[in-house]
Amino acid sequence: MPPKWGVCYTPEMLRASMDIGSNTVRVLLADGEGGALRRVEVRRRITRLAGGFSGRLDPASVRRTVDAAREFSRFAIDGGASTVRAACTGVVRRADDRSAFLAALHELPGLAPCVISGNTEARLSAMGAAHHLGDEVPELLLIDIGGFSTELVVVTGGEVRRRRSFDLGVVTVTEGFLKNDPPTPDQIAAVDGVIENGIREFFDEPVPDTLVGIAGTATTLAAMDLRLVPYEGSKVHRHRVSATALDALYGQLIGLPASERVGALPGLEKGREDLIVAGFRIVRTVMRLGGFDALMVSEGGLLDGILMADDWPPEGTLDA
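Residues numbered from 1 in each chain as written. Predicted model: local features only at pLDDT ≥ 70, side-chain atom pairs only at ≥ 80, totals over all residues. Heavy atoms only, no water.

1. Regarding the sheet that holds strand 8 (residues 159-166)
So, step 1. Overall, mixed pairing links the six strands, which are arranged 8-7-6-9-11-10 in an open sheet. Looking at the sheet topology across the chains shown, the edges are occupied by strand 8 and strand 10 (240-242). Each strand axis lies, on average, 25° off the axis of its neighbour in the sheet, ignoring direction.
So, step 2. When strand 6 (residues 139-145) meets strand 7 (residues 150-156), the two strands line up antiparallel, connected through seven bridges. Directly across from Leu-140, in strand 7, lies its bridge partner Val-155.
So, step 3. Docked against the sheet, helix 4 (residues 118-133) engages strand 6, strand 7, strand 8, strand 9 (211-214) and strand 11 (294-297), running at close to 130° with respect to strand 8. (Pairing = 2+ DSSP bridges. Helix = DSSP H or I, 4+ residues; strand = E, 2+ residues; numbered from the N terminus. Axes fitted to C-alpha atoms, helices over the stretch in contact; angles between N-to-C directions. Contact = heavy atoms within 4.5 Å.)

The following block contains the structure:
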């Protein structure tokens, strides 16, 4: 059975992880180890680290991200964790100045940051998602849409069988192709072509019948389907969004400028209003290529996998 939400814990058992992503910084305070890992509290903030990326990280994006990491590391340490395992992903992997960014993170109290490869991100994310879904979902295709990259992972019996990381994220797709607000039909068609050309080869081999989405795009789609305000992870976890429901939601937002979407669509997180179109297009392309009629959403993922890893930094850490 998957772990329960909101369990009791003792301070000496607390551990913490941080996902410093290309769009969002998230922190997890948890207790237990391995298969007994349980979530206590999760916090997140959209900082859009990949915004304005030109080979080097945008200084304003770096400041927002380091500020969030500082606040979240203090939260975790004050909450009882001795250290915070922090994984940098997506855009940091490609940044020419990633060593300077890592140096700034190393100055934060209690933080143990590193840059992980796309394959390591996929492996740890799958480990965390499978842990929370339990034995009831023995086979799945995991999709993890980030700001700079998207990971697809085939998981069978809790083990990763096949994984790929693609340089297709909601920030880069939005900034690169969706120039108008709202986007034009030609821009949407161009995005669909880029996404399909990028990931089609993955589906040359069979994939499981269940599609599971993790991270911000997937959880936002579930919250929108549930019209969930405020957000509640326990309601989002294991929620299934049908292809029909996704298309209906997309139809409601695509004609609206980004500034009007949050008010018109309950569950859409502030800060994702311009990015959600790219997220929809990536999800629907994967669903079409894989023959899926629904997306199951899991709250588990990279944050959990970071704490389930035997060692830190993990295998697949990149040099600064």
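From this point on, the discussion continues.
2. Overview of the pairing of strand 3 (residues 38-46)
So, step 1. Bridging between strand 2 (residues 24-31) and strand 3 involves eight bridges; their strand directions are antiparallel. Opposite Asp-31, over in strand 3, you have Arg-38 as the bridge partner.
So, step 2. Connecting strand 2 to the next strand, strand 3, in antiparallel fashion are six residues, including Gly-32 with a positive phi near 85°.

3. Brief notes about helix 1 (residues 59-78)
So, step 1. If you check helix 1, its first and last C-alpha atoms are 28 Å apart, about what 20 residues at 1.5 Å a residue would give, namely 28 Å.
So, step 2. Looking at helix 1, one finds that the buried residues are Ser-61, Val-62, Thr-65, Val-66, Ala-68, Ala-69, Phe-72, Ser-73, Phe-75 and Ala-76.
So, step 3. In this fold, the buried residues of helix 1 make contact with strand 1 (14-20), strand 2, strand 3, strand 4 (84-88), helix 3 (98-106) and strand 5 (111-116).
So, step 4. Of the residues flanking the end of helix 1, it is Gly-80, one or two places downstream, whose phi is positive at about 120°. (Expected span 1.5 Å × (residues − 1). Buried < 20%, exposed > 50% of the residue type's maximum accessible area, 1.4 Å probe, protein only.)

4. Focus on the layout of surface pockets
So, step 1. One number sums up the size of the largest pocket: a volume of about 330 Å³.
So, step 2. Lining of the largest pocket is provided by 23 residues; of these, Arg-39, Val-42, Tyr-231, Gly-233 and Glu-299 occupy positions nearest its centre.
So, step 3. Only strand 3, helix 7 (215-226), helix 8 (233-236) and helix 12 (302-308) provide two or more residues apiece to the lining of the largest pocket.
So, step 4. The element that contributes the greatest number of residues to the lining of the largest pocket is strand 3, accounting for six residues. (1 Å grid on protein atoms, 1.4 Å probe; cavity = no way out; pocket = protein on both sides within 12 Å on 5 of 7 lines; lining within 4 Å. Points joined across faces, edges and corners; volume = space filled by probe spheres on them.)

5. A few points about the packing of helix 6 (residues 185-199) against helix 11 (residues 276-290)
So, step 1. Where helix 6 contacts helix 11, the axes come no closer than 10 Å and their chain directions differ by 50°. Taken together, the axes of helix 6 and helix 11 are oblique relative to one another. When the axes of helix 6 and helix 11 are compared, the crossing they make is right-handed. Where helix 6 approaches helix 11, its residues Ile-188, Val-191, Asp-192, Ile-195, Glu-196 and Ile-199 are matched on the opposing element by Val-277, Arg-281, Ile-282, Thr-285, Val-286, Arg-288 and Leu-289. (Parallel < 35°, antiparallel > 145°, perpendicular 65-115°, else oblique. Left-handed = near helix turned anticlockwise from the far one by under 90°.)

6. Some words on the pairing of strand 8
So, step 1. Summarising the sheet, strand 7 and strand 8 pair through seven bridges and their orientation is antiparallel. Bridged to Val-153 within strand 8 is Arg-163.

7. Observations regarding empty space enclosed by the protein
So, step 1. Across all of its chains, the model carries two cavities of 30 Å³ or more by this definition.
So, step 2. In this structure, the largest cavity spans a volume of roughly 250 Å³.
So, step 3. Within the residue set of the lining of the largest cavity, elements represented by two or more residues are strand 2, strand 6 and helix 7.
So, step 4. Ranked by residue count, the leading element in the lining of the largest cavity is helix 7, at three residues.
So, step 5. Its residues assigned to classes, the lining of the largest cavity comprises five nonpolar, 11 polar and six charged.
So, step 6. The computed volume of the second largest cavity comes to approximately 40 Å³.
So, step 7. If you trace the second largest cavity, you find it lined by Ile-143, Ile-145, Gly-213, Ile-214, Thr-217, Ala-218, Val-283 and Leu-295.
So, step 8. Elements supplying a minimum of two residues to the lining of the second largest cavity: strand 6, strand 9 and helix 7.
So, step 9. Looking at the lining of the second largest cavity residue by residue, the classes come out as six nonpolar, two polar and no charged. (Nonpolar A, V, L, I, M, F, W, Y, C, P; charged D, E, K, R; others polar.)

Bear in mind that shape data such as this cannot, by itself, settle questions of function.
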